[in-house]
Structure formats: structure tokens, C-alpha cells
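# Coordinate inspection notes
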Amino acid sequence: MSAFPDVEKIRYEGPDSTNPLAFRWYNEDEVVEGKTMKEHMRFSVVYWHTFRATGTDPFGSETMVRPWDDGSNSVENAQNRVRAAFEFIEKLGAPYYAFHDRDVAPEGSSLAESNSILDQVVKVLQEEQDRTGIKLLWGTANLFSNPRYMHGASTSCNADAFAFAACQVKKCLEVTLELGGVNYVFWGGREGYQNLLNTDMKRELDHMARFMHLAVDYAKEIGFTGQFLIEPKPKEPTKHQYDSDAAACINFLRAYDLMDSFKLNLETNHATLAGHTMMHELDYAGHQGALGSIDANTGDLMLGWDTDQFPTNYYLTTECMLTILKYGGLMPGGVNFDAKVRRESFEPIDLFHAHVGGMDAFARGLKTAAAIRADNALDDFVATRYESWDTGIGAEIESGQADMKSLESYMLEKKEASSNSSGRQEMLEHLFNRYLDSVR
Ligand code: XLS
Ligand code: NI
Ligand code: NI
């Protein structure tokens, strides 16, 4: 039985198409900077929002109409849902998907039962992967929904919560390996605090690092060679999450000797909550050699929480792709739509509208970014802006030849620093718009 009987495979029809269920920009075989769009973007659909979100909010109940889902926690329903999910992803033409253990399979009444339920669903995930060629971008364990994690998982004051979470990660790593997943993500949903009066922050951070080391060691033991990723987010559900932004994560990874094993999975709405732009987070991770993957979405600047909306803003997607290209792309990550349709967009077809719009926005962002790069439109300006560092005193400072005394003699002789040149921000913003206008 088809879950989406009225939808055909989404096709590329070019920029002049007025068909809302066609791509105007995402042409998977089109080559940009030597790679196809499909290889650049590695689009991925998330299981949790797209197949598990019911439309509840703190003030209202379910709104989503999902005819393939009987709403029960049975294994059979979970297995049928997998078939509906793969029909959706295949018709959309996304090559990847991502899941939490608890979104694909319901939790049982004990660890053993939960593991066995997960195995029964993984069997169908494997069948559907084989049937369609769709691959797993990443797996992750849900270490935040169950009440046992109310104080955190690896950072809980309750050592048993840590132990249970470790078992969940162990199992989820095994399953991710079995399904050929290319990454494994840690998003520290409750790894933080609500109040420092009851919190031993140092001890919690030490425990979180221990947890990550256990995962890295176990991955080696079972032969999982996928990339480990941490996903920064500053708050929600906790007041403060330890993985608050790219810089905080990288500091944590360095301090606990985990830099070699981890990269970052950056999410746009999380960047916004941290008071940064996504471009900032991407550049920070990029220049630290830690750019892994992205959770593509967008927030609402009027609202202070993770609204997880689909990205449609070309300015944003161009900034993202400009920075991703700058650092050589997202291998082995991808553009993962950690985004959900609004609770008012309750029909199954809205899932297609949302993803088609997001994929197109990113594809156009890629083309615009590539056009800017082809002309060196920003790079040349930036190179000239910093040219005082290429020779003379600048080069001496960069190479470590200068010291305080040599700098003093230099400036005593020169008397005053050379004059500055304009940053030309407004000119560059206008130039950026010109590329947004002209891309076809
Ligand atoms: C929540 C996070 C979550 C992670 C996966 O805000 O974005 O969905 O991506 O655990
Ligand atoms: Ni996310
Ligand atoms: Ni999020």
C-alpha cells in the first residue's frame, strides 16, 4: 500500500517551472566546481520530525494526518512506518536519512526488550535501504526523552543513568554499523544544567568526556569507522547545555583529548540561539578542521526557541554553501533537514513541499556561492585587506621572528602606524546581492 499515492518522483524542471512539486534548482547530476549537486549536498531526511512529529505543542494536541501510521506503539506499526518513510525519501530523491534509536522503534519495558524491538525494525530499515539504495547519514541515541534522563544522561548525578545511556549508545553504534551509517551523532539534549546551586559542573564535564571516550573505544572494537560528531546547542531543554556552540565544543574536545575522533554537526537554529550566525559557526568549525555535517533548518528571529523551520532564505543558504565550499565540503557529512512542518501544515503533501523548498534553496545557494567563488569576488577583497601581513613587519610577526623589542624599534623609527583602508561592508553586501540576482 502506498503512503503517498498521489505523488510521483520529484523531478528537476528548471528555474522557470511553476510546479511546486518540481525542483527549479536542485538538478542532482549538474556539476558545480567539479562535483555533482548530489555529491555536494548529500541531502538527508530526518526520521524524528518527518515521521514522528505529531504536531503537539504545549497548548494543543496532535494535528498531523498520517494515514500509514495507526498511532500505536506496536512493532508492526514501526515497521510499516519505515516503508512509508522510504517511499517518501525515494520519491523526494534524497540519498540519505538519519534517526534516533527511539524514533524508529518504540522503547520496551527493559533494556533487553528495547534492543530486541530495535533489531526487528532495523531488519526492515536494511530491507528498504537495499531496495532503494538510500543510505544512513547518521544514527544517534535518544538520551533525553525518557524520564530516567531528567538530570542528564552522561552528565546525570545518577550513575545508573550514565550506565543505561552507555548501553543505548553501544546498541545504537552496533545498529549504525550494521546499516552502514557514515556518521554517529551526539546531541547532548539534557547534558547541561538548570541551576548551578545543585550542580557539580566539573564532575559532569569529566563524565561526559568519559562517555565519549567509551564510545570511541567501542567503535574501534567493533570496527565502526564512521565519523563521530557533536551537535552544539546552547539551551533548550536545559537552561545551559555544555555543548553550547562550536567554540565551546572544540575547547571541550581539546581539553579531553577527543579532537582526533570528533567533528561537529552544526545546526542553523542552534547557532541563532547561541547568538551567532550559521556562517560564524561553520567558519569556526572549518578553520579548526572540525566541519563535519550540518542540520539544515532555520529559526524565527522573533522567537527564542528551536522552531526548526525549513530553510528557504537564499541569503542564508548562500552563506552556508560559501563557507562549506571554502573548507572543502561536507564529507562525510551532509545537508540534513532537521526541520519540521508547522502544526498547521498537517497534510502528508506538506512534507514534500517543505523538503522540495529546502533542497531548492540549498541548491541555489550552492550555485550562487560557486559563482562568487569563480570570480574571486570576496577572496580578492579579503586578500588585499590583509596584505600588510604578507611582507615586512606583518610577515615577521606571523612567522614568529618579531618580538616586543623588535616591534618597538620598528615603531619608534616609523613613528605612527600606516593608515587604514575602508572595510567596504556596504559595497560587499550590494555585490553579494548582485550574485543572488544573476544566478541561473
Ligand atoms: C535538537 C537537535 C536534535 C539532534 C539529534 O534540537 O537538533 O534533533 O539533531 O539528536
Ligand atoms: Ni539537530
Ligand atoms: Ni535542533
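So, here is what we can say about the structure in this document. (Residues numbered from 1 in each chain as written. Chains lettered and ligands numbered in written order. Predicted model: local features only at pLDDT ≥ 70, side-chain atom pairs only at ≥ 80, totals over all residues. Heavy atoms only, no water.)

### A closer look at the coordination of the nickel ion (ligand 2)
Within the protein, the atoms that donate to the nickel ion (ligand 2) are Glu 231 (OE), Glu 267 (OE), Asp 295 (OD) and Asp 338 (OD), at distances of 2.0 to 2.1 Å. Every donor counted, the six donor atoms about the nickel ion (ligand 2) form angles of 81 to 176 degrees at the centre, which fits octahedral coordination. Counting along the primary sequence, the residues that act as donors to the nickel ion (ligand 2) give the motif E-x35-E-x27-D-x42-D. Between the two metal centres, the nickel ion (ligand 2) and the nickel ion (ligand 3), the spacing is 3.9 Å, with Glu 267 acting as a shared donor. Placement of Glu 267 in strand β12 (residues 262-267) and of Asp 295 in strand β13 (residues 291-295) is noted, with a sequence separation of 28 residues between them. For Asp 295, a relative accessible area of 0% puts it in the buried group. (Donors = N, O, S within 2.8 Å, 3.2 Å for Na, K, Ca; no water. Tetrahedral: all angles 85-135°; square planar, octahedral: opposite > 155°, others 65-115°. Helix = DSSP H or I, 4+ residues; strand = E, 2+ residues; numbered from the N terminus. Buried < 20%, exposed > 50% of the residue type's maximum accessible area, 1.4 Å probe, protein only.)

### Some points on the site of ligand 1
If you check the shell around ligand 1, you find Trp 48, His 100, Trp 138, Trp 187, Glu 231, Lys 233, Glu 267, His 270, Asp 295, Asp 306 and Asp 338 and nothing else. Between ligand 1 and Trp 48, the relevant distance is 3.2 Å, taken from an oxygen atom to a side-chain nitrogen or oxygen of the residue. Between ligand 1 and His 100 there is a distance of 2.7 Å, counted from an oxygen atom to a side-chain nitrogen or oxygen. When the free accessible area of ligand 1 is taken as 290 Å², the share hidden by the protein chains comes to 94%. Looking at the shell around ligand 1 residue by residue, the classes come out as three nonpolar, two polar and six charged. (Near = heavy atom within 4 Å. Polar contact = N/O pair within 3.5 Å; in protein donor to acceptor, adjacent residues only side chain to side chain. Areas by Shrake-Rupley, 256 points an atom, 1.4 Å probe, with all protein chains shown as cover. Nonpolar A, V, L, I, M, F, W, Y, C, P; charged D, E, K, R; others polar.)

### As for the nonpolar core
Judged by nonpolar contacts, the single largest core of 112 residues is most densely connected at Tyr 97, Leu 264 and Phe 362. Ranked by residues supplied to this core, first place goes to helix α12 (residues 348-374) with eleven residues. Counting residues in each nonpolar core, the second largest holds eight residues, with Leu 137, Trp 138, Val 185 and Leu 229 among its members. (Core = buried A, V, L, I, M, F, W, Y, C linked by side-chain atoms within 4.5 Å.)

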